[in-house]
Amino acid sequence: MTTGTSSLFDLTGRTALVTGGAKGLGLAMAKGLAQHGAPIVLADIDDATGEQAAKDLAAETGVEVSYRHLDVTDQGMVERVVAAIDEEVGGLEILLNNAGRTIHHPLEDGDGERWRAVMSLNLDGVYHVLSAVGRRMLERGRGSIINTGSMSGIIANVPQTQASYNASKAAVHNLTRSAALEWASRGVRVNAIAPGYMRTELTRGFYEAGGEQIDIWNMMTPMSRPGEPEELAGAAVYLASDASSFVTGSILSIDGGYTAA
Ligand SMILES: NC(=O)c1ccc[n+]([C@@H]2O[C@H](COP(=O)([O-])OP(=O)(O)OC[C@H]3O[C@@H](n4cnc5c(N)ncnc54)[C@H](O)[C@@H]3O)[C@@H](O)[C@H]2O)c1
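Under an unreviewed UniProt entry, the name given to the protein chain is SDR family oxidoreductase, and the source organism is Candidatus Brachybacterium intestinipullorum.

Next comes the structure, spelled out in structure tokens:
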């Protein structure tokens with residue numbers, strides 16, 4: 001038997017674009033990739049936070065980390081910025097297609113504006129970046145794409161009213177499978193992670209307010225707690241690296257057991 005360091009999870013020199021990377025789950029997963037050697041481009045609309053996050057991550061990991069303003073809902077901007085980044089880094093090899101949001105509103109309110117705001121970011125945004133980055137990866141016959149889905153794409157959450165979010169994430173999961181099948185024989189793998197309740201900016205207000213909603217969330221999570229952002233890093237490294245070379249079209253649940261119950 002041989003011993004020594006495995007290169008299965010080595011990402012040295014494989015540049016990753018991380019959308020919604022200024023904070024939260026995107027930044028935590030970016031850190032995991034950087035710790036395994038991947039140069040990182042954080043992209044977000046929160047420029048002050050993103051610039052600072054890039055500096056901190058570079059200092060902490062010693063890899064190259066830069067920040068770019070990118071509104072993923074603007075397809076023209078996505079095409080321009082992705083083209084520029086891809087050229088600058090000599091070809092993106094990893095995409096964490098992660099920017100997303102939730103708005104709680106009851107289905108019967110007929111609020112098309114809020115519905116479209118969620119769809120525009122969570123679904124259209126994921127499509128714009130997937131297409132722009134995927135096209136370039138296909139030209140090189142190499143790449144790994146990880147979309148951030150959600151357990152809300154598998155189950156419908158209670159007690160909060162977030163039908164638009166649930167529908168958008170179910171769509172992200174099937175977009176993931178569709179892209180995986182279109183590109184499976186051309187060297188580009190596409191997978192999604194489906195987090196459960198995680199403690200980030202997106203959920204901070206709810207955890208701070210506490211009360212019945214949080215009791216229900218914890219009760220319905222077999223591990224009885226929210227996940228911490230860094231608990232997604234291992235999955236991101238796995239799906240980005242050669243350790244998952246035969247994995248495509250997969251939706252990986254990371255939810256403290258929520259969807260197993
Ligand atoms: N936190 C959870 O419990 C949870 C659970 C499951 C899935 N998710 C998903 O994880 C992803 C990240 O969520 P988070 O909890 O880290 O949220 P977050 O609010 O902490 O971070 C989201 C980031 O996306 C950025 N963003 C918003 N609109 C953007 C746009 N148009 N273009 C580019 N960037 C934009 C924000 O500025 C922010 O930095 C989302 O897709 C979310 O749906 C979160």
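Focus on the overall build of the protein chain
Each helix and strand in the protein chain was counted, giving eight helices and seven strands. For the protein chain, the C-alpha radius of gyration of 18 Å lies close to 18 Å, the compact-globule estimate for 261 residues. Projected onto its principal axes, the C-alpha coordinates of the protein chain cover approximately 50 × 50 × 40 Å. Burial status across the protein chain gives 50% buried among its 261 residues.

Describing the packing of helix H3 (residues 75-89) against helix H4 (residues 112-140)
Across the interface, H3 lies against H4 with an axial gap of 9 Å and an inter-helix angle of 35°. Judged by the twist between their axes, the crossing of H3 over H4 is right-handed. Across the interface between the two elements, Gln75, Val78, Glu79, Val82, Ala83 and Asp86 of H3 pack against Tyr127, His128, Val129, Ala132, Val133, Arg135, Arg136 and Arg140 of H4. Among the residues making up the contact of H3 with H4, the classes are represented as seven nonpolar, two polar and five charged.

Thoughts on the packing of aromatic side chains
Under the criterion given, the structure shown has four aromatic pairs. Pairing Tyr197 with Trp217 gives two aromatic rings, centres 3.9 Å apart and planes at 5°, and the pair type is stacked. Of this pair, Tyr197 sits in the loop between strand S6 (188-195) and helix H6 (201-209) while Trp217 sits in helix H7 (residues 212-220); the two residues are 20 residues apart in sequence, bridging distant segments of the chain. Where Tyr197 meets Tyr258, the ring centres are 5.9 Å apart and the plane angle is 75°; that geometry is what we call edge-to-face. Within this pair, whereas Tyr197 is found in the loop between S6 and H6, its partner Tyr258 is found in the segment after strand S7 (251-254), the two being separated by 61 residues in sequence. Looking at Tyr258, the relative accessible area reads 7%, which means it is buried. Of the aromatic side chains, those joined through ring pairs into one cluster are Tyr197, Phe206, Tyr207, Trp217 and Tyr258. Directly above the ring of Tyr207 sits Arg199, whose terminal nitrogen or CZ lies 5.6 Å from the centroid.

Quick word on unusual backbone geometry
Omega for the peptide link from Val158 to Pro159 comes to 5°, which places this bond in the cis form. Counting through the fold element by element, Pro159 comes out in the loop between strand S5 (143-148) and helix H5 (163-183).

Some details on the site of the ligand
Inspection of the region around the ligand gives 29 residues, with Leu25, Asp44, Asn98, Tyr165 and Thr200 positioned closest. Residue Met198 places a main-chain N or O atom 2.8 Å away from an oxygen atom belonging to the ligand. Of all the elements in the fold, those that place two or more residues in the shell around the ligand are helix H1 (24-35), H5 and H6. The element contributing the most residues to the shell around the ligand is H6, with three residues. Split by residue class, the shell around the ligand holds 12 nonpolar, 11 polar and six charged.

Here we look at the packing of H4 against H5
Contact geometry of H4 with H5 gives a least axis separation of 9 Å together with a crossing angle of 15°. With respect to each other, H4 and H5 are oriented roughly parallel. As H4 packs across H5, the resulting crossing turns out to be right-handed. Across from Trp115, Val118, Met119, Asn122, Leu123, Val126, Tyr127, Leu130, Gly134 and Leu138 in H4, the residues of H5 making contact are Ala163, Ser164, Tyr165, Ala167, Ser168, Lys169, Ala171, Val172, Leu175, Ala179 and Trp183. Considering only residue class, the contact of H4 with H5 consists of 16 nonpolar, four polar and one charged.

Focus on the pairing of strand S4 (residues 94-97)
Side chains of S4 alternate between two faces, with Ile94 and Leu96 and Leu95 and Asn97 buried alike. One ladder, built from three bridges, connects strand S1 (residues 16-19) with S4; its direction is parallel. Among the inter-strand pairings, Leu17 is bridged to a residue of S4, identified as Leu95. By the bridge criterion, four bridges tie S4 to S5 in an arrangement that is parallel. Across the sheet, Leu95 pairs through a bridge with Ile145, a residue of S5. Read as a crossover between parallel neighbours, the route from S4 over H4 to S5 is right-handed.

Criteria and thresholds
- Residues numbered from 1 in each chain as written.
- Predicted model: local features only at pLDDT ≥ 70, side-chain atom pairs only at ≥ 80, totals over all residues.
- Heavy atoms only, no water.
- Helix = DSSP H or I, 4+ residues; strand = E, 2+ residues; numbered from the N terminus.
- Rg over C-alpha atoms; globule rule 2.2 N^0.38 Å.
- Buried < 20%, exposed > 50% of the residue type's maximum accessible area, 1.4 Å probe, protein only.
- Axes fitted to C-alpha atoms, helices over the stretch in contact; angles between N-to-C directions.
- Left-handed = near helix turned anticlockwise from the far one by under 90°.
- Contact = heavy atoms within 4.5 Å.
- Nonpolar A, V, L, I, M, F, W, Y, C, P; charged D, E, K, R; others polar.
- Phe/Tyr/Trp six-rings, centres within 6.5 Å; stacked < 30°, edge-to-face > 60°.
- Lys NZ or Arg CZ within 6 Å of the ring centre and 35° of its normal.
- Near = heavy atom within 4 Å.
- Polar contact = N/O pair within 3.5 Å; in protein donor to acceptor, adjacent residues only side chain to side chain.
- Parallel < 35°, antiparallel > 145°, perpendicular 65-115°, else oblique.
- Pairing = 2+ DSSP bridges.
- Right-handed = clockwise from strand over helix to strand, strands pointing away.

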